[in-house]
Amino acid sequence: MGSILKKVEKLNEKLEQQFKEIEKLTITKERNRVAQEIHDYLGHNLVIFYKLI
């Protein structure tokens, strides 16, 4: 019975580590998406501004 409990605890720790890694990757992906949107928006507006002057 004790060995099963140890296996479950190890699996639980591994699962928690994987959740933390997924969370980090999700945050990074969202940060990159927002950065891309800002880049596109600024680039578009700078082109329009340049054409107007």
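Residues numbered from 1 in each chain as written. Predicted model: local features only at pLDDT ≥ 70, side-chain atom pairs only at ≥ 80, totals over all residues. Heavy atoms only, no water.

As named in an unreviewed UniProt entry, the chain is Histidine kinase, taken from Anaerosalibacter bizertensis.

**Student:** I would appreciate a short explanation of the environment of Met1 in the present structure.
**Tutor:** By secondary structure assignment, the location of Met1 is in the segment before helix H1 (2-52). Taking the C-alpha atoms as reference, Met1 lies 63 Å from Gly43; in sequence the two are 42 residues apart. (Helix = DSSP H or I, 4+ residues; strand = E, 2+ residues; numbered from the N terminus.)

**Student:** Any chance you could explain the environment of Asp40 here in plain terms?
**Tutor:** The topology assignment puts Asp40 in helix H1. Classification of Asp40 by relative accessible area gives partly exposed; the value is 43%. Looking at Asp40, its side chain comes within polar contact range of the side chain of Gln36, at 2.8 Å. In this structure the side chain of Asp40 is engaged in a polar contact, spanning 3.4 Å, whose partner is the side chain of His39. (Buried < 20%, exposed > 50% of the residue type's maximum accessible area, 1.4 Å probe, protein only. Polar contact = N/O pair within 3.5 Å; in protein donor to acceptor, adjacent residues only side chain to side chain.)

**Student:** Please explain the UniProt feature "coiled-coil region" (unreviewed entry) in the chain as it appears in this structure.
**Tutor:** The sites that carry the UniProt feature "coiled-coil region" (unreviewed entry) are, in the present numbering, residues 1-32. Along residues 1-32 one finds 97% helix and 0% strand; the C-alpha atoms at either end are 47 Å apart. (UniProt positions renumbered as here; feature names shortened; annotations may be inferred.)

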